[in-house]
Amino acid sequence: MTIDSAAVAFFTARLTFQTDVADVHIALDHTDPGFVLVDSRGIPAWRQGRIPGAVHLPTAEIPARAGLLFDPAVPLVTYCWGPGCNGATKAALAFAELGYRVREMLGGVEYWIREGFPIETDMGTSTAAPDPLTAPCGC
């Protein structure tokens, strides 16, 4: 069997620069998750519901405000709405262009909600029942 070095490089890069909602949820259960979670959506989406502990910074504001909010030594994880949206990718690129170590959370807040993890609004925190088609099953 021959090792496909291009495939190894590709999948290594994906795991280096992407994470998923289950891994982020596990990390956030620790006192120091090792990163800051950044919600890159606009204000109306932020108000609809966000991941507890996330910092709100819309993508368009990253170049002007990132240096005021984040320590460049601390890695960032970006998220947006869901897999049909590339907002988290755009935010991750904006942070990378500023020199931050950054990963994109695949699935976004949509899959966070679908997996039954808590959502925060100005009214408090709530949790929906996990979607049996997406909830973690040990993958």
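(A) Region of the structure containing the pattern of salt bridges. Counted according to the given criterion, the structure contains six salt bridges. Taking the shortest distance from any N to any O, the salt bridge between Arg114 and Asp131 comes out at 2.7 Å. Taken together, the residues span a long stretch of sequence, with Arg114 in helix H6 (residues 108-114) and Asp131 in the segment after strand E7 (124-126) at a distance of 17 residues. Arg114 sits in the partly exposed class, given a relative accessible area of 24%.

(B) Seen up close, the packing of aromatic side chains. One pass over the structure, following the stated rule, counts four aromatic pairs. Taking the centre distance of 5.7 Å and the plane angle of 80° together, the rings of Phe70 and Phe95 count as edge-to-face. Of the two residues, Phe70 sits in the loop between helix H4 (62-69) and strand E4 (76-79) while Phe95 sits in helix H5 (residues 87-97), which places them 25 residues apart along the sequence. Like Phe95, Phe70 is buried. Each ring, one from Phe95 and one from Tyr100, has its centre 5.6 Å from the other, and the planes form 80°; the classification is edge-to-face. Taking relative accessible area as the criterion, Phe95 reaches 0% and is therefore assigned buried. Overall, the relative accessible area of 8% leaves Tyr100 in the buried class. Aromatic ring contacts, followed pair by pair, group Phe70, Phe95 and Tyr100 into a single cluster.

Each value, and the rule that gives it
Residues numbered from 1 in each chain as written. Predicted model: local features only at pLDDT ≥ 70, side-chain atom pairs only at ≥ 80, totals over all residues. Heavy atoms only, no water. Salt bridge = Lys/Arg side-chain N within 4 Å of Asp/Glu carboxyl O. Helix = DSSP H or I, 4+ residues; strand = E, 2+ residues; numbered from the N terminus. Buried < 20%, exposed > 50% of the residue type's maximum accessible area, 1.4 Å probe, protein only. Phe/Tyr/Trp six-rings, centres within 6.5 Å; stacked < 30°, edge-to-face > 60°.

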